[in-house]
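# Tertiary structure, described
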Amino acid sequence: GESRAGSRALAFGEPTWRNVELSARITPQAGGNAAIMFRIDEDGGGWYTFDLMLGWQVAAIYKLTRNNQGSMDLVKLSTVNYPLERDHEYDVQIAARDHSITTYIDGELANQLTDDTWSHGRVALSIWHAKTLYTDLRYRVLDEN
């Protein structure tokens, strides 16, 4: 729920996953964010996040890296204005292929970028100060190298 301190994530997949396409229906119900983490490194010290940020009305991709003090450093890679509503269902697709990361919301291009910080890793559905319904999760691993 939105009042829970900290975060929680349901991770799945293999650290060897490289080129992955995934989709889900995401319904933000409370709080400020609805997010999917992907290419989580083997130690859990870094990953990419696709985030529907309701308070800012943006769809963002950023990377998080654990620093020497144990806290996380965030680098925004792509932030696009996008009208978002609670209790509205969004059909989200993420394509992470080689250095390219592309996202779609309801079939429309949202974010497109290249970054080579992490080339493979697991995926996670994320809850952070929010309440989010994830349904119809589908994924396709194009290779595992």
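Residues numbered from 1 in each chain as written. Predicted model: local features only at pLDDT ≥ 70, side-chain atom pairs only at ≥ 80, totals over all residues. Heavy atoms only, no water.

A few words on the overall build of the protein chain. Helices and strands together make up the secondary structure of the protein chain, namely zero helices and eleven strands. Secondary structure elements of the protein chain, listed N to C terminal, follow the sequence β-β-β-β-β-β-β-β-β-β-β. At 14 Å, the protein chain has a C-alpha radius of gyration in line with the 15 Å of a compact globule built from 145 residues. C-alpha atoms of the protein chain, sized along the principal axes, occupy 40 × 40 × 25 Å. For the protein chain, with 145 residues in total, the buried portion stands at 45%. In the protein chain, 63% of the contacts between residues at least 6 apart in sequence involve partners at least 24 apart. Summed over all atoms, the accessible surface of the protein chain reaches about 7600 Å², with 46% contributed by carbon and sulfur. Across the protein chain, the 14 positively charged side chains and the 20 negatively charged ones have centroids separated by 4 Å. (Helix = DSSP H or I, 4+ residues; strand = E, 2+ residues; numbered from the N terminus. Rg over C-alpha atoms; globule rule 2.2 N^0.38 Å. Buried < 20%, exposed > 50% of the residue type's maximum accessible area, 1.4 Å probe, protein only. Contact = heavy atoms within 4.5 Å. Areas by Shrake-Rupley, 256 points an atom, 1.4 Å probe, with all protein chains shown as cover. Lys, Arg positive; Asp, Glu negative; His and termini not counted. Charge placed at Lys NZ, Arg CZ, Asp CG, Glu CD.)

Within the secondary structure, Leu-113 is located in strand E9 (residues 108-114). Expressed as a C-alpha distance, the spacing of Leu-113 and Thr-102, which sit eleven residues apart in the sequence, is 6.5 Å. Ignoring sequence-local partners within four residues, the contact set of Leu-113 consists of Ile-61, Leu-77, Ser-78, His-99, Ser-100 and Ile-101.

Within this structure, the stated rule accounts for seven salt bridges. A salt bridge links Arg-97 to Glu-21, with the nearest nitrogen and oxygen atoms 2.5 Å apart. Highlighted residues: Arg-97 in strand E7 (residues 90-97) and Glu-21 in strand E2 (residues 20-31), separated in sequence by 76 residues. Two residues, Glu-21 and Arg-140, come together in a salt bridge whose shortest N-O distance is 2.5 Å. With a gap of 119 residues between them, Glu-21 in strand E2 and Arg-140 in strand E11 (residues 130-141) connect regions that are remote in the sequence. (Salt bridge = Lys/Arg side-chain N within 4 Å of Asp/Glu carboxyl O.)

Next up on the list: the packing of aromatic side chains. Aromatic rings in a pair are described by how distant their centres are and how their planes are angled relative to each other. The final tally for this structure, using the stated rule, is five aromatic pairs. Ring centres of Trp-17 and Tyr-139 lie 5.1 Å apart, and the angle between their planes is 40 degrees; on these two criteria the pair is classed as tilted. Taken as a pair, Trp-17 in the loop between strand E1 (7-12) and E2 and Tyr-139 in strand E11 lie far apart in primary sequence, 122 residues in all. Given a relative accessible area of 6%, Trp-17 falls into the buried group. Summarising the aromatic geometry, the rings of Tyr-48 and Trp-118 are spaced 5.2 Å apart at their centres and angled 85 degrees between planes, so their arrangement reads as edge-to-face. Remark: Trp-118 occurs in the loop between E9 and strand E10 (122-128) and Tyr-48 occurs in strand E4 (residues 46-53); sequence separation between them is 70 residues. A residue is classified by how much of its surface remains accessible, and Tyr-48, at 0% relative accessible area, is buried. For Trp-118, a relative accessible area of 11% gives the class buried. Members of the aromatic cluster, connected to one another through ring pairs, are Phe-12, Trp-17 and Tyr-139. (Phe/Tyr/Trp six-rings, centres within 6.5 Å; stacked < 30°, edge-to-face > 60°.)

Geometric values such as these leave the question of function open.
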